[in-house]
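Residues per chain, in single letters:
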Amino acid sequence: MRRRDFIKLLGGAAVAPAMLWPFAALAQQPAMPVIGFLNSGSRELFAARVAAFHRGLNDTGFVEGRNVAIEYQWAQGQYDRLPALAADLVRRQVAVIAATGGIPSALAAKAATSTIPIVFVAGSDPIKFGVVTSLSRPESNLTGLTAFTSELVPKRLELLHQVVQKADTIALLVNPTNAVTEIVQRDVQEAARSLGLQLNVVHASAEPDLDKVFATLGQLRTGALVIGTDTFFDGQSERLAALAVHHALPTIYQTREFAAAGGLMSYGGSLPDAYRKAGVYTGRVLKGEKPADLPVMQSTKVELIINLKTAKALGIEIPAALLATADEVIE
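Keep in mind that what you see is a predicted model, and the values were worked out from it rather than measured.

Participant: Account for the sheet that holds strand 8 (residues 224-227), with residues named and values stated.
Facilitator: One open sheet holds the 7 strands; their spatial order is 7-6-8-9-10-12-13, and the pairing between them is mixed. Edge positions in the sheet fall to strand 7 (198-203) and strand 13 (328-330), since each has one partner strand and no second. The sheet shows a mean angle of 20 degrees between the axes of neighbouring strands, taken without regard to direction. Across 2 bridges, the pairing between strand 8 and strand 9 (residues 251-253) is parallel. Counted as the bridge partner of Leu-225 is Thr-251 from strand 9. Across the face of the sheet, helix 6 (residues 181-194) comes into contact with strand 6 (169-174) and strand 7 while running at roughly 160 degrees to strand 7.

Structural data, given as structure tokens:
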């Protein structure tokens, strides 16, 4: 072998390992953890809540695409899809499931796994619906927070009655496929009786139902409308407001988006705040904390928003005492 070829051979043997070591080091890096994000709604309608969830993750040092991945599963307002979506996240062996679509999402995730940590966002009492046995010590693979938005529905009826005292018939719109509907309907019925009001209950679980509901309310000569807590209704806040304005029907719901879009009033917990806190808890679980050691948080932030422009268009005079308690007045 010539001297030049011998030197080239030695040089090749030395270079090859040097070229390979970055790939070997890359292969040894730990896999990026994956969060399973389970929600009853759709990403397009809940972009602000997803952004709030990301902010909570960022507060704990996690950024999607940099050091954590998120697998999104959206039920598109169809609660019966949640069990299959939750089971798919379990098959993918995600590190933690963020069940953010209320009680139905939490129950679907709980039924799918007893080992993968779950962080839920609930609008109702999670003990009442069997999600956890204790708020202070969940003692399971679940924790999260509740905004108790369902428990606020009777209060919405009281607030609306203060505004339209001459209306003796008020309607309640609920989603019959939601697990919390029966309890909400019972509680609002009791509140209506205590106020001497007649309550008509109407149902909607899909977009085509909404036009039919408002047409029915016109036939029933309903004086006002309370919208029950529901993820499907959350996603339809602007459309519900438009229908209420079109039918000149004083209406109250839980989301600020509803009042901002022309609805008369909104009263409920801050859902973006709840999602941000869920992101914080999810990050803490990724860092090794156990759900059983994290108490279920109770969101105490409740907002009353009044659209004064809509009130004037409806010929309604908002009591001064109620205006004084509002967190925001839209003029």
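So much for the structure itself; the text now carries on.
Participant: Summarise the nonpolar core; cite the residues concerned and give the values.
Facilitator: Grouped together as the largest cluster of nonpolar side chains are 57 residues, with contacts concentrated most on Ile-97, Phe-120, Met-265 and Ile-318. Not counting residues within four places of it along the chain, the set of residues in contact with Phe-120 comprises Ala-99, Ala-106, Pro-126, Val-131, Val-132, Leu-142, Thr-143, Gly-144, Leu-145 and Val-296. Of all hydrophobic cores here, the second largest spans 23 residues; its members include Ala-52, Ile-70, Trp-74 and Val-119.

Participant: Run through helix 7 (residues 207-219), naming residues and quoting values.
Facilitator: Within helix 7 the residues assigned to the buried category are Leu-210, Val-213, Phe-214 and Leu-217. The arc that holds every buried residue of helix 7, seen down its axis, measures 90 degrees, which confines them to one face. Looking at helix 7, the residues exposed on the side facing more than 90 degrees away from the buried face are Pro-208, Lys-212 and Gln-219. Looking at the buried side of helix 7, the elements it contacts are strand 6, strand 7, strand 8, helix 8 (231-235) and helix 9 (237-246). Just downstream of helix 7, Arg-221 is the residue with a positive phi angle, here 55 degrees.

Participant: Which residues make up the pattern of salt bridges, and what values do they have?
Facilitator: All told, the structure shown has 13 salt bridges when counted by the stated rule. One salt bridge in this structure joins Asp-234 and Arg-49, with 3.1 Å as the shortest N-O distance. You can see Asp-234 sitting in helix 8 and its partner Arg-49 sitting in helix 2 (residues 47-59), a full 185 residues away along the chain. Residues joined in a network through salt bridges with shared partners are Asp-59, Asp-273, Arg-276 and Lys-277.

Participant: I'd like a rundown of the environment of Asp-88, residues and numbers included.
Facilitator: Checked against the element boundaries, Asp-88 lands in helix 3 (residues 82-91). On the basis of relative accessible area, Asp-88 is assigned to the buried category, the value being 18%. When the C-alpha positions of Asp-88 and Thr-149 are compared, they lie 29 Å apart, and in sequence the two are 61 residues distant. Among the polar contacts made by the side chain of Asp-88, one reaches the side chain of Gln-73 at a distance of 2.6 Å.

Participant: Lay out empty space enclosed by the protein in plain terms, naming residues and giving numbers.
Facilitator: Considering all chains together, one arrives at 3 cavities of 30 Å³ or more under this definition. Around the largest cavity sit 23 residues that line it, and Gly-102, Gly-123, Thr-149, Thr-229 and Thr-231 are the ones nearest its centre. Among the secondary structure elements, those contributing two or more residues to the lining of the largest cavity are helix 4 (103-112), strand 4 (118-122), helix 8 and helix 11 (271-286). Looking at which element gives the most residues to the lining of the largest cavity, the answer is helix 11, with 3 residues. Here the lining of the largest cavity is built from residues that sort into 9 nonpolar, 11 polar and 3 charged.

Participant: Outline the packing of helix 3 against helix 4, listing residues and values.
Facilitator: Interaxial distance between helix 3 and helix 4 falls to 8 Å at its minimum, and their mutual angle equals 50 degrees. Judged on the interaxial angle alone, helix 4 and helix 3 are oblique. At the point where helix 3 passes helix 4, the crossing takes the right-handed sense. Residue-level inspection shows Leu-82, Pro-83, Ala-86, Ala-87 and Val-90 of helix 3 in contact with helix 4, the latter providing Pro-104, Ser-105, Ala-108, Ala-109 and Ala-112. Here the residues of the contact of helix 3 with helix 4 sort into 9 nonpolar, 1 polar and no charged.

Participant: Help me get a handle on the confidence of the model for the chain, residues and values and all.
Facilitator: Here the chain averages 90 in pLDDT, and 91% of its residues register 70 or above. Note on residues 6-28: pLDDT under 50 across the span, and 2 contacts to partners over four residues away in sequence or across chains.

Participant: If you had to explain the pairing of strand 8 to someone new, which residues and values would you point to?
Facilitator: Side chains Ala-224 and Val-226 of strand 8 all project onto a buried face; the interleaved residues Leu-225 and Ile-227 project onto the opposite face, where all are buried too. Where strand 6 and strand 8 come together, 4 bridges link them in parallel fashion. The partner of Ile-170 across the bridge, within strand 8, is Ala-224.

Definitions and limits used
Along every chain, residues carry numbers that run from 1 in the direction the sequence is written. Only residues with pLDDT of 70 or above have their local features reported here, since the model is predicted, and side-chain atom pairs are shown and tallied only from 80 upward, although totals for entire chains, interfaces and linings are computed over all residues. Based on all heavy atoms of the structure, the side-chain values leave hydrogens and waters out of the count. Note on pairing: DSSP must find at least two bridges between two strands before they are called paired. What counts as a helix is a DSSP run of H or I of at least four residues, what counts as a strand is a run of E of at least two, and both are numbered from the N terminus. Axis lines are fitted to C-alpha atoms, over the contacting stretch for helices. Their N-to-C directions set the angle, which ranges from 0 to 180 degrees. Residues are treated as being in contact if the distance between any of their heavy atoms lies within 4.5 Å. Take the buried residues of types Ala, Val, Leu, Ile, Met, Phe, Trp, Tyr and Cys, join any two whose side-chain atoms come within 4.5 Å, and each joined set is a nonpolar core. Partly exposed residues are those whose accessible area sits between 20% and 50% of the maximum for their type, while under 20% is buried and over 50% is exposed, using a 1.4 Å probe and protein chains only. This arc describes the spread of directions from the helix axis toward the C-beta atoms. The term salt bridge refers to a pairing of a side-chain nitrogen on Lys or Arg with a carboxyl oxygen on Asp or Glu at a separation within 4 Å. As used in this structure description, the phrase polar contact means that two N or O atoms lie within 3.5 Å; if the pair is within protein, one of them must be able to donate a hydrogen and the other to accept it, and residues adjacent in sequence are counted only when both atoms belong to side chains. As defined here, a cavity is a set of points on a 1 Å grid over the protein atoms alone where a 1.4 Å probe fits but cannot get out. A pocket is an open set with protein on both sides within 12 Å along at least five of seven lines, and residues line them when an atom is within 4 Å of a point. Grid points are joined across faces, edges and corners, and a volume is the space filled by probe spheres set on the points. Residue type decides the class: Asp, Glu, Lys and Arg count as charged, Ala, Val, Leu, Ile, Met, Phe, Trp, Tyr, Cys and Pro as nonpolar, and the leftover types, Gly among them, as polar. Angles below 35 degrees are treated as roughly parallel, those above 145 as roughly antiparallel, those between 65 and 115 as roughly perpendicular, and all remaining angles as oblique. A crossing counts as left-handed when the near helix is turned anticlockwise from the far one by less than a right angle, and as right-handed when that turn is clockwise. Residue-level confidence of the predictor is summarised by pLDDT, bounded by 0 at the bottom and 100 at the top.

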